[in-house]
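Observations on the model geometry
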Amino acid sequence: MLKGLAITPPVLGRISIGKVVEKNGKRLPEKDDQFTITSQVQGKDGWLLHPLNDELRQSKDDKLRNIPVRLLFNEPELNFRADYTLFDRQSGRPLCVGNGETCRRVTQDGMQTLPCPSPDACPLAKGNACRPYGRLNVIIGDDDPLGSFVFRTTGFNSIRTLAARLHYFQAISGNRLACLPLELRLRGKSTRQSHGTPIFYVDLTVRGGMVMTEALQAANGLDAQRQAAGFDQAALDEAAQRGFGNGAFEDSEEDSGAIAEEFYPAEESQSPSPNTSQRSAKASLAEKLDAQAQRHTPPIDNHQGAHHAPAQAEGQ
């Protein structure tokens, strides 16, 4: 296995909210209030739509706000990774990835492990350069049991909601998270900071039309079928754990270009150079996210999904 290369689930496409449009010669994020599913093929106007983008709508004019999904792994952290990430604003490549205690940072002396004080206390994070960054991998359909679609977000509401849901579902299903019939659901709400304007975030729920007991029974049945067929979920989780741990960063070069276009539109300034170490903070990432969300910030999910923008998605 190549050192420094994260081995992640094969990505078949992307799930996002919004899109990138060209205005006055610049490609800028544009809000939306529905999901968009794109393929891995890029055309002159951006990523081409995946066939599932239309198949999942009841009619051509329906907005896609629910996506039936399954998860690849029983461990929540393998399905959904969330870190503080400082991106290069030009290339979209991650320069520093941390959890509020330690970070892996690209420096003039190569990759180093350093203390991570979180964005509030890190001078490199000025100008919103470092953000919480979450990646959720899900299975859509039955064509490829190991191929996934990825949803990327820097929104606090989506990150906190998805992380909580995954742990709750793992607990109540008896560690059968990968067998539960679930769905991604786009939710809207208004906050004091949004001045009454709806903001959107992503939730993970039991699949539409099912109650929890039905979903648990379905998970038990699928788990029994898989075990009878020799499907080793524990070994799959272990392999994924090794794959993620093998590399410092997981996004590909193509993904980085999409991240730069969405997270750092053309008018934003140049990225900082991460070459100084910082003091460690004791609070966990979840605690820091909670504190920051309660303390200030206008509504939060300002960037949802690679190469796509939010629909005032969780705020500015």
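So, here is what we can say about the structure in this document.

Conventions and cut-offs
Residues numbered from 1 in each chain as written. Predicted model: local features only at pLDDT ≥ 70, side-chain atom pairs only at ≥ 80, totals over all residues. Heavy atoms only, no water. Core = buried A, V, L, I, M, F, W, Y, C linked by side-chain atoms within 4.5 Å. Buried < 20%, exposed > 50% of the residue type's maximum accessible area, 1.4 Å probe, protein only. Contact = heavy atoms within 4.5 Å. Pairing = 2+ DSSP bridges. Helix = DSSP H or I, 4+ residues; strand = E, 2+ residues; numbered from the N terminus. Axes fitted to C-alpha atoms, helices over the stretch in contact; angles between N-to-C directions. Patch = residues over 30% accessible without salt bridge, like charges linked within 9 Å, V, L, I, M, F, W, Y side chains within 5 Å. Areas by Shrake-Rupley, 256 points an atom, 1.4 Å probe, with all protein chains shown as cover. Salt bridge = Lys/Arg side-chain N within 4 Å of Asp/Glu carboxyl O. Lys, Arg positive; Asp, Glu negative; His and termini not counted. Charge placed at Lys NZ, Arg CZ, Asp CG, Glu CD. Phe/Tyr/Trp six-rings, centres within 6.5 Å; stacked < 30°, edge-to-face > 60°. Lys NZ or Arg CZ within 6 Å of the ring centre and 35° of its normal. Expected span 1.5 Å × (residues − 1). Arc of directions from axis to C-beta.

Generally speaking, soluble globular proteins have nonpolar side chains that are buried together. Residues Ile15, Phe35, Ile67, Val138, Ile140, Leu184 and Leu204 are the most contacted members of the largest nonpolar core, which totals 32 residues. Apart from the residues lying within four places of it in its own chain, the contact partners of isoleucine 140 are Ile15, Ile37, Leu52, Leu56, Ile67, Pro68, Val69 and Phe149. Residues Leu95, Cys96, Cys122 and Ala125 belong to the second largest nonpolar core, which totals 12 residues.

Pairing is antiparallel across the open sheet formed by three strands, whose spatial order is S4-S11-S12. Across the chains shown, the open sheet's two edge strands, defined by having one partner strand only, are strand S4 (66-69) and strand S12 (199-206). The mean inter-strand angle of the sheet, taken between neighbouring strand axes irrespective of direction, is 30 degrees. Summarising the sheet, S4 and strand S11 (residues 182-189) pair through four bridges and their orientation is antiparallel. Within the sheet, the bridge partner assigned to proline 68 lies in S11 and is glutamate 183. Sheet strands in contact with helix H3 (residues 156-172) are S11 and S12, and its direction is about 5 degrees off that of S12.

Right, let's talk about a negative patch on the surface for a bit. Taken together, the side chains of Asp54, Glu55, Asp142, Asp143 and Asp144 present a region of like negative charge at the surface. Its place among the elements puts aspartate 144 in the loop between strand S9 (130-138) and strand S10 (148-153). Note on aspartate 144: relative accessible area 30%, which makes it partly exposed.

In this section: the packing of aromatic side chains. This model, assessed by the stated rule, comprises one aromatic pair. Here phenylalanine 87 and tyrosine 133 contribute two aromatic rings whose centre-to-centre distance is 5.0 Å and whose plane-to-plane angle is 80 degrees, an arrangement assigned as edge-to-face. With a gap of 46 residues between them, phenylalanine 87 in strand S5 (residues 80-87) and tyrosine 133 in strand S9 connect regions that are remote in the sequence. In this pair, the class of phenylalanine 87 matches that of tyrosine 133, namely buried. Directly above the aromatic system of tryptophan 47 lies the positively charged group of arginine 14, at a separation of 3.9 Å from the ring centroid. Stacked on the ring of phenylalanine 231, the Lys or Arg arginine 226 has its end atom at 4.6 Å from the ring centre.

Take helix H4 (residues 212-229) next. Its 18 residues give H4 an end-to-end C-alpha distance of 26 Å, which sits within 8% of 26 Å, the value for a rise of 1.5 Å per residue. By the burial criterion, the buried members of H4 are Ala215, Ala219, Leu222, Asp223 and Arg226. Down the axis of H4, the smallest arc covering the buried residues is 105 degrees, so these residues share one side. Turned more than 90 degrees away from the buried face of H4 sit Gln217, Gln225 and Ala228, all of them exposed.

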